[in-house]
Amino acid sequence: MAVNPPVVLLRKAADYAVITLNRPEKLNACTVPLLEGLKAALDDANADPCCRAIVLTGAGRGFCAGQDLNERKPVEGQVPDLGASLLEYYNPVILAIRQSDKPVICAVNGVAAGAGANIALACDIVLAADTAKFIQAFARVGLGPDAGGSWLLPRLIGDARARALALLAEPIGAAQAQAWGMIWETVAGDSVLDRAQALAAELATRPPGSFAAIKQAFLASSGNSLSEQLALEAQLQRKAGHSEDYRIGVNAFLAGEQPRFVGR
Ligand code: T3D
């Protein structure tokens, strides 16, 4: 009997994890098992102290085509509860990325549409193949934005561009996305995953306490006043200042050496 391959793959390298959405024949469109698998893989990587960075990518020619619309085929007499779907499956994925203390790098290997685009944009560092496209596809199927898009996009590219992208639901190429500040880098050819893994390996040598502080500070900044944010920075910096990695970093600087951080 043929066994279906897992729809999400989790591979652990020495000190980082690679999560691959694995429904290539459907451009990794999100089903319940895919979203559950993605959340479980993020939780696993987040809880593993050996894993100091996370790479997220898609198998095949797409990154993620958003909600699998086969799961939404209209049935006479039934109405889908998309709110429940978001609360139960999508929102926890976005929060697992944003609230993780570890850097999450997205290698957008191909088209990212609808909720798939916003899962990518929720990551900390977004790299995209030069052939990749981002589509806020929601209005094409009668929906508004979700998976954090209405929060992320205006912050990334400004209100005017965010509104036009959402209203027009037109694809935007990787180079344009980079020029607008929506993503970090466009990678030529088919080496976006290699580039993401090289970055993850590099980040894995850096002090994880710094990354936790960076992510917590940036996450809080959108809801905080300047005074609140200054207080939070002081709190986070107090904790960082007590770490062994801070002591190592300062000693290495003063000795003119490369620091060898220990992750504490
Ligand atoms: O719970 C909830 O519902 C919450 C709501 C979530 C919000 C959303 O994410 S809604 C937005 C859903 N996504 C879309 O509307 C995008 C739909 N897909 C497309 O527009 C196109 O497929 C793409 C522009 C992404 C790519 O086009 P192209 O020409 O490169 O590929 P294709 O031939 O259209 O797709 C390849 C296969 O993937 C094809 O299957 P087949 O015919 O070869 O068996 C196609 O049907 C399938 N596919 C692509 N996207 C989806 C999909 N199947 C199901 N759902 C999809 N979203």
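These lines cover the structure that appears in this document, whether it is placed above or below.

1. A look at the overall build of the protein
In terms of regular secondary structure, the protein is built from 10 helices and 10 strands. The globule rule puts the C-alpha radius of gyration for 264 residues at 18 Å, and the 19 Å found for the protein is close to it. Principal-axis analysis of the C-alpha atoms gives the protein an extent of 70 × 50 × 35 Å. Put simply, the protein has 264 residues, and 42% of those count as buried. For the protein, long-range pairs separated by at least 24 residues make up 67% of all intrachain contacts whose partners lie at least 6 apart in sequence.

2. Examining the environment of Trp151
If you trace the backbone, Trp151 turns up in helix α4 (residues 149-157). Looking at Trp151, the relative accessible area reads 33%, which means it is partly exposed. Taking the C-alpha atoms as reference points, Trp151 and Lys133, separated by 18 residues in sequence, lie 20 Å from one another. Excluding residues within four positions of it along the chain, Trp151 makes contact with Arg98 and Ser222.

3. Some words on the nonpolar core
Counting 48 residues, the largest nonpolar core has Leu38, Phe63, Val108, Phe134 and Met182 as its most contacted members. Discounting chain neighbours no more than four positions away, the residues touching Phe134 are Val108, Ala112, Ala120, Leu121, Ala128, Glu170, Pro171, Ile172, Ala174, Ala177, Met182 and Ile183. Among the nonpolar cores identified, the runner-up in size contains 15 residues, and Val55, Leu127, Val192 and Leu203 belong to it.

4. Section: the pairing of strand β5 (residues 104-108)
Within β5, five of the five residues are buried, which leaves the element mostly enclosed by the surrounding structure. The alternating pattern of β5 places Val104, Cys106 and Val108 and Ile105 and Ala107 on opposite faces, both of which are buried. Here β5 runs beside strand β7 (residues 125-129); their pairing, made up of four bridges, is parallel. Directly across from Ala107, in β7, lies its bridge partner Leu127.

5. Describing the sheet that holds strand β3 (residues 54-58)
Read from one edge of the open sheet, six strands run β1-β2-β3-β5-β7-β10, paired in mixed fashion. Of all the strands in the sheet, just β1 (8-12) and β10 (185-187) have a single pairing partner and so form its edges. Taken pair by pair, the neighbouring strands of this sheet meet at an average axis angle of 20 degrees, ignoring direction. Of the strand pairs in this sheet, β7 and β10 are connected by three bridges, and their pairing is parallel. Bridging from a neighbouring strand, Ala128 pairs with Thr186 of β10. Packed onto the sheet, helix α1 (residues 32-47) meets β1, β2 (17-21) and β3 and runs at close to 15 degrees relative to β1.

6. Topic: the site of the ligand
As a matter of local geometry, the ligand sits amid 25 residues, with Lys26, Ala65, Gln67, Arg72 and Ser85 nearest to it. For the ligand, a nitrogen atom lies 2.9 Å from a polar atom in the backbone of Gln67. Between the ligand and Ser85 there is a distance of 2.4 Å, counted from an oxygen atom to a side-chain nitrogen or oxygen. The fraction of the free accessible surface of the ligand (1,000 Å²) that becomes covered by protein chains is 68%. Ranked by residue count, the leading element in the shell around the ligand is helix α2 (residues 82-98), at four residues. A breakdown of the residues in the shell around the ligand according to their chemical character gives 13 nonpolar, five polar and seven charged.

7. Observations regarding the environment of Thr57
Here Thr57 is to be found in strand β3. Accessibility expressed as a relative area gives 3% for Thr57, which makes it buried. Between the alpha carbons of Thr57 and Leu226 there is a distance of 35 Å; along the sequence they are 169 residues apart. The residues contacting Thr57, other than those within four sequence positions of it, are Ile19, Thr20, Leu21, Phe63, Ala107, Asn109 and Leu193. A polar contact is formed between the side chain of Thr57 and the side chain of Asn109, at a distance of 3.4 Å.

Conventions we followed
Residues numbered from 1 in each chain as written. Predicted model: local features only at pLDDT ≥ 70, side-chain atom pairs only at ≥ 80, totals over all residues. Heavy atoms only, no water. Helix = DSSP H or I, 4+ residues; strand = E, 2+ residues; numbered from the N terminus. Rg over C-alpha atoms; globule rule 2.2 N^0.38 Å. Buried < 20%, exposed > 50% of the residue type's maximum accessible area, 1.4 Å probe, protein only. Contact = heavy atoms within 4.5 Å. Core = buried A, V, L, I, M, F, W, Y, C linked by side-chain atoms within 4.5 Å. Pairing = 2+ DSSP bridges. Axes fitted to C-alpha atoms, helices over the stretch in contact; angles between N-to-C directions. Near = heavy atom within 4 Å. Polar contact = N/O pair within 3.5 Å; in protein donor to acceptor, adjacent residues only side chain to side chain. Areas by Shrake-Rupley, 256 points an atom, 1.4 Å probe, with all protein chains shown as cover. Nonpolar A, V, L, I, M, F, W, Y, C, P; charged D, E, K, R; others polar.

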